[in-house]
Amino acid sequence: MLVIALERFTKWALSAWHDLSLDAKVVAAFGVGNWFLLFANHTTVAATRDVPLWQLFPPGADAAFLIACGALAFAYPFRDHRARGSFTTRARVAHLAAIVATFVVIPTLASIVLRETGKPYTYIHDGALMVEEASRKLLAGMNPYVADYLDTPMFFWPMINNPALYHLTYFPFMFLVSAPFVWLFDHTGIVWDQRYIYLPAYIGTLALVPFIVQGTARRLAMTAAVALNPQLFPFVVEGRNDFFVLLFLFAGVALLIRERRTSSSLAFAAAGAAKLHALIFLPFVAVYLVASKRPRSLREVVGALTPTWPAALFLIASFVPFLVNDFGAFYDDVVRYNAGGAAWTYPISGMGFSALLLSLGLIPYRQADFPFAAIEIAVAAPIAVWWLVRLWRQPTIVTLLAGYALTLLAFLFFGRYFQGNYLGFIAAVFTPVPFLAVRSTKRRRVRETARLRPSLRPGPPVLVPASPQAPAVAVMPVALDPAPEPSPAGVGAAD
């Protein structure tokens, strides 16, 4: 009896799942999946250790938080299944916004409050704390790459022998943007928190999704996939900077789709000036800009890259002052600290190739030097070259994003550390690809159908010989006209 009931339930569940809209399926998968992960796996920085997100709230409120997350996640597909047409686009957007607010925005605000009512080094990731203090070093007239951070709250952050006390691993744009806000808040006696930038960047990234993909269901589905990325959204709560970079990348993609080449290249440059992850994207953008113009001469190549000169000036203005002031300090902080070889090197951690070598005993201890940089380049360079060649032949947004995401995955996975948010960042960059690829496939099918569809056009009459029983009959032949060829720009021009 139990087996029969289970079989009937399984059939009903599969039928109900099949009937759901695309956005309801994605919200159900990400929302319900993340609700289960909230109980233990989704953790955040607290006072002395990481705790599950629900422990940011006092007793009673923690249960309400978990109930609200679960109820909202289950309710979206239920409303889609039951209400159908009455579950309007506006209602879907409002429901998804409520899910995002409950899962991400409320815990982030709770973490900010806990930090402001406690110690300045609690309930925040040391990366955000480092950017805040780098801004203060800059405002004090010091080079943030030369200074150490022993005299800041970083000293008390709960990590023994934290190498971040001696090295600033981030690119300049990150703390250059923060410096005016830090100055204003410090002079008005208000506690500054780097998440005042990162949280709006998270919301802004989601707001850009409708400008990248078309169709209500696809827009809602992609928004849910990015917003509830299980390897990314929990890190918004503690103040990691992934969505600050994604904001500029998504803005650049949206502008590039609309052929705003100067403004899109500026957005990509801002992302590259903030983090190495995005700097790797710039060669792909350059190849796309040239290849999509189909140049036949060097002059046309230069013309295709001409719109990027403001972006080049932006990168020069961001990096050159610190390179000129002390190149050795910049190189030590940004390169040696991450790759190995610095006085205090970042410890091997995460889930990548380095962690595997450490677990196998091939590397003696976490701070040991190892030629990860050579391995990264040896693996990632051929992948990058292959995708750049493919991008040259097929300059589309799909190829651009897919090539960058897979190259970045190869580069970071074989690096000194591969954190969970790195995987989340790569997944977020890749998220538009299936949505854009489906649209491109449909458009190709429409073209092929149009090419094969005959157009009726009368030709000159042909006299068919009559049989002895019937007179001759004039037959009007039908000419088959081929459909017009698609534009040479292909999918990329419309993407």
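These remarks concern the structure in this document. This structure is a prediction, so every number in the text was calculated from the model and none was measured. (Residues numbered from 1 in each chain as written. Predicted model: local features only at pLDDT ≥ 70, side-chain atom pairs only at ≥ 80, totals over all residues. Heavy atoms only, no water.)

**Some details on the side chain of Arg-115**
The topology assignment puts Arg-115 in helix H4 (residues 89–116). Engagement of the side chain of Arg-115 in a polar contact is seen with the backbone oxygen of Pro-120, the distance being 2.8 Å. Apart from the residues within four sequence positions on either side, Arg-115 is in contact with Pro-120, Thr-122, Tyr-123, Ile-124, Leu-129, Glu-132, Trp-192, Asp-193 and Arg-195. (Helix = DSSP H or I, 4+ residues; strand = E, 2+ residues; numbered from the N terminus. Polar contact = N/O pair within 3.5 Å; in protein donor to acceptor, adjacent residues only side chain to side chain. Contact = heavy atoms within 4.5 Å.)

**Focus: the packing of aromatic side chains**
In the structure shown here, the tally under the stated rule is 38 aromatic pairs. Aromatic side chains Tyr-145 and Phe-330 sit 4.9 Å apart centroid to centroid with 65° between the ring planes, which places their arrangement in the edge-to-face category. Placement of the pair is Tyr-145 in the loop between helix H5 (126–139) and helix H6 (172–188) and Phe-330 in helix H16 (residues 327–339), with a sequence separation of 185 residues. Exposure remark for Tyr-145: the relative accessible area of 2% places this residue in the buried category. Looking at Phe-330, the relative accessible area reads 9%, which means it is buried. Ring plane angle 40° and centroid distance 4.5 Å describe the contact between Phe-281 and Tyr-404, whose orientation is recorded as tilted. Residue Phe-281 is located in the loop between helix H12 (276–279) and helix H13 (282–291), and its partner Tyr-404 is located in helix H19 (residues 397–413); the two are separated by 123 residues in the primary sequence. Accessibility classification places Phe-281 together with Tyr-404 in one group, the buried group. Three or more aromatic residues joined by ring pairs make a cluster, and in this case those are Tyr-337, Tyr-346, Phe-353, Phe-413, Phe-414, Tyr-417, Phe-418 and Tyr-422. Lys-137 extends its terminal NZ or CZ atom over the ring of Tyr-149, reaching a point 5.6 Å from the ring centre. (Phe/Tyr/Trp six-rings, centres within 6.5 Å; stacked < 30°, edge-to-face > 60°. Buried < 20%, exposed > 50% of the residue type's maximum accessible area, 1.4 Å probe, protein only. Lys NZ or Arg CZ within 6 Å of the ring centre and 35° of its normal.)

**Brief notes about the pattern of salt bridges**
Two side chains of opposite charge can pair, provided their charged atoms sit close to one another. Summed over the entire model, instances satisfying the criterion amount to twelve salt bridges. As a salt-bridge pair, Asp-23 and Arg-92 come within 2.8 Å of each other at their nearest N and O atoms. Residue Asp-23 is located in helix H2 (residues 22–38), and its partner Arg-92 is located in helix H4; the two are separated by 69 residues in the primary sequence. With respect to class, Asp-23 is no different from Arg-92; both count as buried. Between Asp-151 and Lys-137 there is a salt bridge whose closest N-O contact spans 2.9 Å. Taken together, the residues span a long stretch of sequence, with Asp-151 in the loop between H5 and H6 and Lys-137 in helix H5 at a distance of 14 residues. (Salt bridge = Lys/Arg side-chain N within 4 Å of Asp/Glu carboxyl O.)

**A word on the packing of H13 against H19**
Across the interface, H13 lies against H19 with an axial gap of 10 Å and an inter-helix angle of 160°. In terms of orientation, H13 and H19 fall into the roughly antiparallel class. The crossing of H13 and H19 is right-handed. Across the interface between the two elements, Phe-284, Val-285 and Tyr-288 from H13 touch Ile-397, Leu-400, Gly-403, Tyr-404 and Thr-407 from H19. Split into classes, the residues belonging to the contact of H13 with H19 amount to six nonpolar, two polar and no charged. (Axes fitted to C-alpha atoms, helices over the stretch in contact; angles between N-to-C directions. Parallel < 35°, antiparallel > 145°, perpendicular 65-115°, else oblique. Left-handed = near helix turned anticlockwise from the far one by under 90°. Nonpolar A, V, L, I, M, F, W, Y, C, P; charged D, E, K, R; others polar.)

**Some words on the nonpolar core**
In this structure, Phe-103, Tyr-202, Leu-246, Leu-249, Phe-281, Ile-397 and Tyr-404 are the most contacted members of the largest nonpolar core, which totals 130 residues. Core analysis: the second largest hydrophobic core is formed by six residues, Ile-348, Leu-357, Leu-358 and Phe-372 among them. (Core = buried A, V, L, I, M, F, W, Y, C linked by side-chain atoms within 4.5 Å.)

**With respect to the packing of H13 against helix H14 (residues 298–305)**
Running from N to C, H13 and H14 point in directions that differ by 120°, and their axes come no closer than 8 Å. Accordingly, the angle class assigned to the pair H13 and H14 is oblique. Handedness of the H13/H14 crossing: right-handed. Touching Ala-286, Leu-289 and Val-290 of H13 are Val-301, Ala-304 and Leu-305, all from H14. For the contact of H13 with H14, a count of residues per class yields six nonpolar, no polar and no charged.

**Things to note about a nonpolar patch on the surface**
On the surface, Leu-150, Phe-155, Phe-156, Tyr-166 and Trp-344 cluster together to form a nonpolar patch covering roughly 480 Å² of accessible area. Inspection of the secondary structure puts Phe-155 in the loop between H5 and H6. (Patch = residues over 30% accessible without salt bridge, like charges linked within 9 Å, V, L, I, M, F, W, Y side chains within 5 Å. Areas by Shrake-Rupley, 256 points an atom, 1.4 Å probe, with all protein chains shown as cover.)

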